[in-house]
Amino acid sequence: MVIKYRMPIFYSPVEVIELAVNLEQGGMQFYRTLSQNTQVPTLKKLFTFLAREESKHQRIFKNLYKKIKADPSALAYDFDEMRLYLKAITDSHFFHTPQSALHKIKTLKSPKKILSYAVDFEKETVLFYLEISKMIKPEDQTLVTEIINQERGHIKKLTEIKESI
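Residues numbered from 1 in each chain as written. Predicted model: local features only at pLDDT ≥ 70, side-chain atom pairs only at ≥ 80, totals over all residues. Heavy atoms only, no water.

## So, the overall build of the protein
Reasoning step 1: When helices and strands are tallied, the protein shows six helices and zero strands.
Reasoning step 2: When each of the 165 residues of the protein is scored for burial, the buried share is 42%.
Reasoning step 3: Looking at the protein alone, contacts between residues at least 24 apart form 81% of all its contacts between residues at least 6 apart. (Helix = DSSP H or I, 4+ residues; strand = E, 2+ residues; numbered from the N terminus. Buried < 20%, exposed > 50% of the residue type's maximum accessible area, 1.4 Å probe, protein only. Contact = heavy atoms within 4.5 Å.)

## Side note on the pattern of salt bridges
Reasoning step 1: Per the counting criterion, the structure on display carries two salt bridges.
Reasoning step 2: A salt bridge links Glu 160 to Lys 156; the shortest N-O distance between them is 3.4 Å. One end of the pair, Glu 160, and the other, Lys 156, are both in helix α6 (residues 138-164), four residues apart, so they sit about a helical turn from each other. (Salt bridge = Lys/Arg side-chain N within 4 Å of Asp/Glu carboxyl O.)

## Details of the packing of helix α5 (residues 111-134) against α6
Reasoning step 1: Running from amino to carboxyl end, α5 crosses α6 at an angle of 165°, the nearest separation of the two axes being 9 Å. Looking at the two axes, α5 sits roughly antiparallel to α6. The two elements α5 and α6 meet at a crossing, and its hand is left-handed.
Reasoning step 2: Looking at the contact of α5 with α6, its residues break down into 13 nonpolar, six polar and six charged. (Axes fitted to C-alpha atoms, helices over the stretch in contact; angles between N-to-C directions. Parallel < 35°, antiparallel > 145°, perpendicular 65-115°, else oblique. Left-handed = near helix turned anticlockwise from the far one by under 90°. Nonpolar A, V, L, I, M, F, W, Y, C, P; charged D, E, K, R; others polar.)

Function cannot be read off these values alone, since they describe shape.
Here is the structure:
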């Protein structure tokens, strides 16, 4: 038996924020695709709303990215301690590419399964953003905390609709 060993991937702080931008882009594409491919009015409305939310979050992270790229001192000192934990989170299939999430949609046959997948996506996002919030200065933490709270609200909405189906 051959055991393949993958070298661990380490991210720089700028790359972590870049991942957040890409994650929001993927979420936006994911929800737009779901909205375009459902005939259920409640789901269409929900997925359209979530796509818009992801777009807003992407803009916030783009601004944070510019700020951190221009001034790396905008980060907390303990980034190195977070690297492996961030790596574990980003190894999740939700973080591979936006296309992988879109491909996954095709395999989900029921609205409940789609909603469950979306809840899982939002949960992984919250975990990732909780770690990001620890690596930035307090004045920027409010933005990330606001996004975390919105993502938690998305989980609540998705779960409520899933339970009502």
